[in-house]
Amino acid sequence: MTDFKLDNTISDSDLIEFDMFPVADTQLVRQEIPLLNLEVSEAAINYALRQSRWKAHAYREDDVVRIGYGTTSDVDGLGLTEEQAYSYWIADFKDSERKFKRLVGLDSMPQAAYDALVCLYFLTGSFKQTGSEARRFTIVDYIRNKQWNYVATALVLSNNKKTQRQREAAILMLADYGKQVSRQSLRARGIQEMRSLYPERLLDDRARRQVEYVYYVE
């Protein structure tokens, strides 16, 4: 039996009319900035960070042991406070940003496009395509031709982590970064989760020790 796959091309008739929606900041969407002068905005950093949850203890995700905001560093240590976890996370994020600059192949782009694509690259590991096995769009040529409406439409129509891809499309076309969540709120959420898990729902001795230490410190 042949696997069913959806059409993986974007035609003019597929294009979403983003002009129908309000733009939060026209300058961020339209003004070209030299790539060397671009740096991811605080709003984009907040968007990317809130896709993760701070966990003081080591946990397994997709057969990979992680800790904090998803780092694989220091998983066997005492545990990570929110501040320590963020330091690992932002280092990983900035490393992805530097790699993106080397790979994207453009001399300039708008801030909103830069923010959206760096976040896409960090969260998925690729900016050249988006989607799943059922429907995957190759978008690198659209990016290099600065056909942002094609890129954004592909993000919206791809069915892999739809909420994230739709938000990245909104960032790209509308400079809409969504509701900001403070690190204080992420920290409070993590502490609440520690309380709910400890001790019965933490079956791993390492995780229990890490929660005990970090809860005391925090």
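All of these numbers come straight from a predicted model, not from anything done at the bench. Within each chain, residues carry numbers counting from 1 in the order of the written sequence. Confidence filtering applies because this is a predicted model: local features only for residues at pLDDT of at least 70, side-chain atom pairs given and counted only at 80 or more, and all residues used for totals across whole chains, interfaces and linings. As a rule here, side-chain values cover all heavy atoms of the structure and leave hydrogens and water aside.

Mapped onto the elements, lysine 55 comes out in strand β2 (residues 55-61). For each residue, the accessible area found with a 1.4 Å probe, counting protein chains only, is set against the maximum for its type, and the residue is called buried under 20%, exposed over 50%, and partly exposed in between. Using a relative accessible area of 18% as the deciding quantity, one classes lysine 55 as buried. When near neighbours in sequence (up to four residues on either side) are disregarded, lysine 55 contacts Ile67, Gly68 and Glu193. In this description a helix means any DSSP run of H or I spanning at least four residues, a strand means any run of E spanning at least two, and both kinds are numbered starting from the N terminus. Only heavy atoms enter the contact rule, under which two residues are in contact if any of them lie within 4.5 Å.

Another point: helix α8 (residues 183-197). By definition here, a helix of n residues has an expected span of 1.5 Å times n minus one. In a regular helix each residue adds 1.5 Å, so 15 residues correspond to 21 Å; α8 covers 21 Å between its end C-alpha atoms and thus fits that length. Of the positions making up α8, those classed as buried are Leu186, Gly190, Ile191, Glu193, Met194 and Leu197. All buried residues of α8 project into a common sector of 160° when viewed along the axis, lining one side. Of the exposed residues in α8, the ones pointing more than 90 degrees away from its buried face are Gln184, Gln192 and Arg195. Directions from the helix axis toward the C-beta atoms define the arc.

Any carboxyl oxygen of Asp or Glu that lies within 4 Å of a side-chain nitrogen of Lys or Arg is treated as forming a salt bridge with it. Throughout the structure, instances matching the rule amount to 14 salt bridges. For aspartate 76, the salt bridge goes to arginine 206, with nearest N and O atoms at 2.6 Å. Here aspartate 76 is found in the loop between β3 (64-68) and α3 (82-103), whereas its partner arginine 206 is found in helix α9 (residues 205-217), with 130 residues between them in sequence. Here arginine 167 and aspartate 176 are joined by a salt bridge, their closest N and O atoms 3.1 Å apart. With a relative accessible area of 32%, aspartate 176 lands in the partly exposed category.

Further remarks concern helix α7 (residues 162-174). Taking 1.5 Å per residue as the helical rise, α7 with its 13 residues ought to reach 18 Å, and the 17 Å between its terminal C-alpha atoms agrees with that figure. The complete set of buried residues in α7 reads Gln164, Arg165, Glu168, Ala169, Ala170, Ile171, Leu172, Met173 and Leu174. Where α7 is buried, its residues meet α1 (26-30), α2 (42-49), α4 (111-124), β5 (129-131) and α6 (148-157). Phi turns positive one or two residues past the end of α7, at alanine 175, with a value near 55°.

Moving on: the packing of aromatic side chains. Pairing of aromatic rings covers Phe, Tyr and Trp, the last through its six-membered ring, and needs centres within 6.5 Å; plane angles under 30 degrees mean stacked, over 60 mean edge-to-face, and all others mean tilted. Counted by the stated rule, this structure contains nine aromatic pairs. Summarising the aromatic geometry, the rings of phenylalanine 100 and phenylalanine 127 are spaced 5.1 Å apart at their centres and angled 80° between planes, so their arrangement reads as edge-to-face. With phenylalanine 100 in helix α3 and phenylalanine 127 in the loop between α4 and β5, this pair connects stretches of sequence that are 27 residues apart. Here phenylalanine 100 and phenylalanine 127 have matching classes, each one buried. Members of the aromatic cluster, connected to one another through ring pairs, are Tyr86, Trp89, Phe93 and Phe122. Geometrically, a charge over a ring is one whose NZ (Lys) or CZ (Arg) sits within 6 Å of the ring centre while staying within 35 degrees of the ring normal. One residue, lysine 55, lies across the ring of tyrosine 59, its end atom 5.5 Å from the ring centre. Taking the ring centre of tyrosine 86 as reference, the NZ or CZ of arginine 183 above it sits at 4.0 Å.

Now for a nonpolar patch on the surface. Candidate patch residues must exceed 30% relative accessible area and have no salt bridge, after which like charges are joined if within 9 Å and Val, Leu, Ile, Met, Phe, Trp or Tyr side chains if within 5 Å. What sets the accessible areas is the Shrake-Rupley method with a 1.4 Å probe; for residues, cover comes only from the shown protein chains. On the surface, a cluster of nonpolar side chains totalling about 470 Å² of accessible area is made up of Leu78, Tyr213, Tyr216 and Val217. By the element assignment, tyrosine 213 lies in helix α9.

Let's shift gears to the nonpolar core. Here, nonpolar core means buried Ala, Val, Leu, Ile, Met, Phe, Trp, Tyr and Cys residues that are tied together by side-chain atoms lying within 4.5 Å of each other. Ranked by size, the top nonpolar core spans 65 residues in total, and within it Trp89, Phe93, Phe100, Met109, Ile143, Trp148 and Val151 carry the most contacts. In terms of residue count, the dominant contributor to this core is α4 (10 residues). Residues within four places of valine 151 in sequence aside, it is in contact with Leu117, Ile139, Tyr142, Ile143 and Leu172.

Cis peptide bonds are those with omega within 30 degrees of zero, and the linkage from tyrosine 198 to proline 199 qualifies with -5°. The topology assignment puts proline 199 in the loop between α8 and α9. Backbone geometry at aspartate 62 places phi at a positive 55°, although glycine is not the residue there. If you trace the backbone, aspartate 62 turns up in the loop between β2 and β3.

Turning our attention to the environment of leucine 15. Here leucine 15 lies in the segment before α1. Owing to a relative accessible area of 21%, leucine 15 belongs among the partly exposed residues under this scheme. Distance from leucine 15 to alanine 170, taken between C-alpha atoms, is 14 Å for residues 155 residues apart in sequence. Those residues within four positions of leucine 15 in sequence are excluded, and the remaining contacts are Ile10, Asn149, Tyr150 and Thr153.

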